[in-house]
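If you want the building blocks of each chain, they are given just below.
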Amino acid sequence: MARILIIRFSALGDVAMTIPVVHSLAVQYPQLEITVLSRAVWQPLFQGLPANVSFIGADLTGKHKGLWGLNTLYSELKAKRFDYVADFHHVLRTKYLCLRFRLANIPVASICKGRAGKEKLVRRRHKVLENQKSSFRRYADVLEKLGFPVLLNFSSIYGDGKGNFAEIEPVAGTKDNLKWIGIAPFAKHVGKIYPIELQEQIVAHFAADPKVKVFLFGGGKSEQEVFDSWVAKYPSVVSMIGKLNMRTELNLMSHLDVMLSMDSANMHLASLVNIPVISVWGATHPYAGFMGWKQLPVNTVQLELSCRPCSVYGQKPCWRGDYACLREIKPEQVIAKIEGIIN
């Protein structure tokens, strides 16, 4: 039985995007022992995968920190005798680990991030608005280089079904004939967040509909303050902060009828349980290759402005200074997209 190590640290969204690829690999190569190395906190994402997938959590702020820590990590990995290493990340840490594996004569392949194409997409002048290869495809290309071409045919971490409803019912309540809408209003960078006061109009619209139940997804203190103020104004709205762990949150998402999200991790999590996502795009653009798994372009909300996209990840400040790409999206546009799915 051959053993392959797949490495991807980084943020939740990027790690979530490995799931369709790892799942497809596991199903198509049942004789392959697949180990995913990532940050320990992301382990719940990999729990529902086929039996030939296992997970190793790296402690990058503790015992695996710095060069000494990486050497410790390499020693632990070396003991597992991998036959192949797939680097889905290609940053300093993973390059160092891959160098050690190469020196031990183990075949290694790394992701090609396509920086040149992305750079043309976001430059201020003479933009080239070309759809870049998706992260899913880039991950699959790494496996192909190692001799494991995969057909990406993943549907959901729950197969053709949904999560166990009994597990979430105490928190979410019964569904009956209600339409369940998830709203994840935040993202890591301001260039990806639809203004909160405009999002509140969307929340208010659906909170007033007796046929709909709205669930808010997020985390962190400032997000909780926003959610608490919304829940106080709209009692039918439910905040999920602190109520579920990652595994049960995915379960709840699988029972939603639609998710409204930014270009953020929640778009990717909802995509892993095969529900439609209405995604709002500001500084970033689906063409950079980070659209949710199997999400439809028709479900994106974005404005055609000559300045966008201005950033691949959304972290650059708006050079116009007004974030028109987000501010000029009318709440009615978003509401119409959501109603197009639930009605």
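About the criteria used
- Residues numbered from 1 in each chain as written.
- Predicted model: local features only at pLDDT ≥ 70, side-chain atom pairs only at ≥ 80, totals over all residues.
- Heavy atoms only, no water.
- Pairing = 2+ DSSP bridges.
- Helix = DSSP H or I, 4+ residues; strand = E, 2+ residues; numbered from the N terminus.
- Buried < 20%, exposed > 50% of the residue type's maximum accessible area, 1.4 Å probe, protein only.
- Right-handed = clockwise from strand over helix to strand, strands pointing away.
- Phe/Tyr/Trp six-rings, centres within 6.5 Å; stacked < 30°, edge-to-face > 60°.
- Lys NZ or Arg CZ within 6 Å of the ring centre and 35° of its normal.
- 1 Å grid on protein atoms, 1.4 Å probe; cavity = no way out; pocket = protein on both sides within 12 Å on 5 of 7 lines; lining within 4 Å.
- Points joined across faces, edges and corners; volume = space filled by probe spheres on them.
- Nonpolar A, V, L, I, M, F, W, Y, C, P; charged D, E, K, R; others polar.
- Expected span 1.5 Å × (residues − 1).
- Arc of directions from axis to C-beta.
- Contact = heavy atoms within 4.5 Å.
- Axes fitted to C-alpha atoms, helices over the stretch in contact; angles between N-to-C directions.
- Parallel < 35°, antiparallel > 145°, perpendicular 65-115°, else oblique.
- Left-handed = near helix turned anticlockwise from the far one by under 90°.
- Domains from an automatic or database assignment.

A few words now on the sheet that holds strand 6 (residues 179–184). In sheet architecture, strand pairing relies on hydrogen bonds along the backbone and comes in two forms, parallel and antiparallel. The strand order 8-7-6-9-10-11 describes an open sheet built from 6 strands, whose pairing is parallel. Single-partner strands in this sheet number two, and they are strand 8 (238–239) and strand 11 (300–301). Sheet analysis places strand 9 (residues 258–262) next to strand 10 (residues 277–280), joined by 4 bridges and oriented parallel. What sits directly across from M259, in strand 10, is V277.

Right, let's talk about unusual backbone geometry for a bit. Each neighbour pair has its own omega, and for R308 with P309 the value is 0 degrees, a cis peptide bond. Counting through the fold element by element, P309 comes out in the loop between strand 11 and helix 12 (324–327). Phi is positive for K294, which is not a glycine, with a value near 60 degrees. Turning to its location among the elements, K294 is positioned in the loop between strand 10 and strand 11. Here K294 falls in the exposed class, since its relative accessible area comes to 54%.

With that out of the way, let us pick up the pairing of strand 6. Counting buried positions along strand 6 yields 5 of 6 residues, so the element is predominantly enclosed. Considered for its hand, the β-α-β crossover made up of strand 6, helix 8 (residues 196–207) and strand 7 (residues 212–216) is right-handed. When strand 6 meets strand 9, the two strands line up parallel, connected through 4 bridges. The partner of A184 across the bridge, within strand 9, is S261.

Before going further, it helps to spend a moment on the packing of aromatic side chains. Applying the stated criterion to the full structure yields 12 aromatic pairs. Summarising the aromatic geometry, the rings of F136 and W293 are spaced 5.0 Å apart at their centres and angled 75 degrees between planes, so their arrangement reads as edge-to-face. In this pair, F136 is assigned in helix 6 (residues 135–145) and W293 in the loop between strand 10 and strand 11, connecting sequence segments 157 residues apart. Its relative accessible area of 8% is what places W293 among the buried residues. Put simply, the rings of Y29, Y84 and F148 pair up and form one aromatic cluster. We note R124 situated over the ring of W319; from NZ or CZ to the ring centre the distance is 3.7 Å.

Moving on, we come to empty space enclosed by the protein. Under the defined criterion, the tally for this structure stands at 1 cavity of 30 Å³ or more. The space that makes up the largest cavity amounts to roughly 90 Å³. Broken down by class, the residue content of the lining of the largest cavity amounts to 8 nonpolar, 1 polar and 3 charged.

Another point: helix 9 (residues 221–233). With 13 residues, helix 9 extends 19 Å from end C-alpha to end C-alpha; this agrees with the ideal 18 Å at 1.5 Å per step. Those residues of helix 9 that sit buried are E223, V226, F227 and W230. Down the axis, helix 9 shows its buried residues gathered within 95 degrees of arc, on one side only. Across helix 9 from its buried face, at more than 90 degrees, point the exposed residues K221, S222 and A232. Tucked inside the fold, the buried residues of helix 9 contact helix 8, strand 7 and strand 8.

In this section: the pairing of strand 2 (residues 33–39). Within strand 2, 5 of the 7 residues are buried, which leaves the element mostly enclosed by the surrounding structure. As paired elements, strand 1 (residues 3–7) and strand 2 share 5 bridges and run parallel to each other. Each bridged residue has a counterpart across the sheet, and for I7 the counterpart in strand 2 is L37. Across 6 bridges, strand 2 lies against strand 3 (residues 53–58) in parallel orientation. Bridge pairing in strand 3 links I34 to V53.

As a further point, take the packing of helix 2 (residues 19–28) against helix 6. Where helix 2 meets helix 6, the axes come as close as 9 Å, and the angle between the chain directions of the two elements is 40 degrees. On the basis of the axis angle, helix 2 is oblique to helix 6. The crossing of helix 2 and helix 6 is right-handed. Taken together, the residues of helix 6 that come into contact with helix 2 (itself represented by P20, V21 and L25) are F136, Y139, A140 and L143. In the contact of helix 2 with helix 6, the residues fall into 7 nonpolar, no polar and no charged.

Glancing now at the layout of surface pockets. Its volume calculated, the largest pocket comes out at about 1100 Å³. Lining the largest pocket are 41 residues, with A11, L12, G13, K188 and A265 positioned closest to its centre. Elements with a minimum of two residues in the lining of the largest pocket: helix 1 (12–16), helix 5 (115–122), helix 6, helix 10 (246–254) and helix 11 (265–272). The element contributing the most residues to the lining of the largest pocket is helix 11, with 4 residues. Its residues placed into classes, the lining of the largest pocket shows 19 nonpolar, 11 polar and 11 charged. Residue-level mapping places the lining of the largest pocket at the junction of two domains, with at least three residues from each of domain 1 (1–144) and domain 2 (171–338). Volume-wise, the second largest pocket comes out at about 490 Å³. Lining the second largest pocket are 22 residues; nearest its centre among them are N131, H285, P286, Y287 and Q302. Of the residues that constitute the lining of the second largest pocket, the class distribution is 10 nonpolar, 9 polar and 3 charged.

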